[in-house]
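One-letter residues, chain by chain:
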Amino acid sequence: MTRDELRKHLNFYQDLGVDEIYLRPISSPDSVEGATLTATTAIPSLAPEGDTLLKIRQDIGDDCRRCRLCEARSKIVFGSGNEQSSLVFVGEGPGADEDAQGFPFVGRAGQLLTQMIENTASKEGIPIRRPDVYICNVVKCRPPENRTPQPDEMEICGQFLFRQLMAIRPKAICAMGSTAAKALLGTKEGVTKLRGKWHKWRDIQVMVTYHPSYLLRPYNQDAKREAWEDLKKVLHFVYD
Ligand code: SF4
């Protein structure tokens with residue numbers, strides 16, 4: 001990374017509200033002032049010391065314009081639920097209902113998610129309800145026509161997601177759908193291949209499963225059963 005690229009990168013994090021970062025030592029002992037930094041430069045610890053969800057929300061601001069998704073949104077949808085939860089669900093982005101209300105997963109897909117969490121927990125004898133977990137999305141503003149967020153939008157807004165996850169530090173994350181899986185695991189593999197197995201984001205366990213809106217399609221009965229299996233695994237891992 002050149003000095004200019006590094007400066008832009010740091011400015012970007014500063015804009016997100018990250019005021020302090022540290023660099024691990026550059027591996028080459030010959031590196032000198034002004035030289036091109038090697039690819040081993042570690043950047044950065046994403047979360048400022050003592051980061052909180054409140055601070056992250058304040059850093060986003062009331063009229064975030066960091067990416068083009070600001071253009072058509074009504075409300076920024078930050079996240080909801082238990083801020084100390086051991087389990088965080090991550091979806092793709094707000095839909096029409098979420099955009100109107102400012103809360104994640106409040107439409108039909110959200111109702112299905114609530115049912116999935118509460119019915120599975122109840123059947124498995126795990127005493128949790130939806131408000132006991134935390135729920136958020138990769139991007140905080142609704143993509144027009146519910147299109148998939150584009151890579152630059154995911155990268156820009158994804159930094160807030162990463163800070164949310166670092167602030168909550170759950171025992172596990174459930175990534176719902178390919179956008180969440182891509183943001184957290186940096187993979188192009190589809191959900192069918194990734195689901196049902198444990199992965200890692202930093203040192204936190206990640207289970208990938210289908211997005212509830214995919215499960216609402218009538219021909220996806222097998223996927224529904226698989227999603228229930230995935231959820232069972234997650235709930236037992238976190239709450240047993
Ligand atoms: S999607 Fe995220 S980065 Fe883009 S405008 Fe909304 S809050 Fe800002």
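The structure displayed is predicted, hence computed values, not measured ones.

Conventions and cut-offs
- The numbering scheme is per chain: residues are counted from 1 as the chain's sequence reads.
- Under the rules for a predicted model, residues below a pLDDT of 70 receive no local features and side-chain atom pairs below 80 are neither given nor counted, while totals for whole chains, interfaces and linings still include all residues.
- Values shown for side chains rest on all heavy atoms present in the structure; no hydrogens or waters enter the calculation.
- Think of a 1 Å grid over just the protein atoms. A cavity is a set of points where a 1.4 Å probe fits yet cannot get out, a pocket is an open set with protein on both sides within 12 Å along at least five of seven lines, and lining residues have an atom within 4 Å of a point.
- Grid points are joined across faces, edges and corners, and a volume is the space filled by probe spheres set on the points.
- A run of H or I in DSSP counts as a helix once it spans at least four residues, and a run of E counts as a strand once it spans at least two, with each numbered from the N terminus.
- Residue polarity follows a fixed list, in which Ala, Val, Leu, Ile, Met, Phe, Trp, Tyr, Cys and Pro are nonpolar, Asp, Glu, Lys and Arg are charged, and the others, Gly among them, are polar.
- Each residue is assigned to one of three classes by its accessible area relative to the maximum for its type, calculated with a 1.4 Å probe on protein chains only: buried under 20%, partly exposed between the two thresholds, exposed over 50%.
- Whether two residues touch is decided by their heavy atoms; if any such pair falls within 4.5 Å, the residues are in contact.

A. Highlighting empty space enclosed by the protein. What the rule picks out here adds up to two cavities of 30 Å³ or more. As for the largest cavity, its lining consists of 14 residues, of which C64, C67, R73, C141 and C157 are closest to the centre. Considering every element that reaches the lining of the largest cavity, the biggest residue donor is helix α5 (residues 151–168), with three residues. Classifying every residue of the lining of the largest cavity by side-chain character gives 11 nonpolar, no polar and three charged. As for the second largest cavity, its lining consists of F89, L113, M116, C174, M176, T209, Y210, P212, L215 and L231. Contributions of two or more residues to the lining of the second largest cavity are made by α4 (108–123), β4 (172–176) and α8 (212–215). When its residues are assigned to classes, the lining of the second largest cavity shows nine nonpolar, one polar and no charged.

B. Quick peek at the environment of T120. When you line up the elements, T120 lands in helix α4. Of the residues examined, T120 reaches a relative accessible area of 4% and is grouped as buried. Considered as a pair, T120 and L235 are 115 residues apart in the sequence and their alpha carbons are 8.4 Å apart. When near neighbours in sequence (up to four residues on either side) are disregarded, T120 contacts Q115, W228, L231, K232 and L235.

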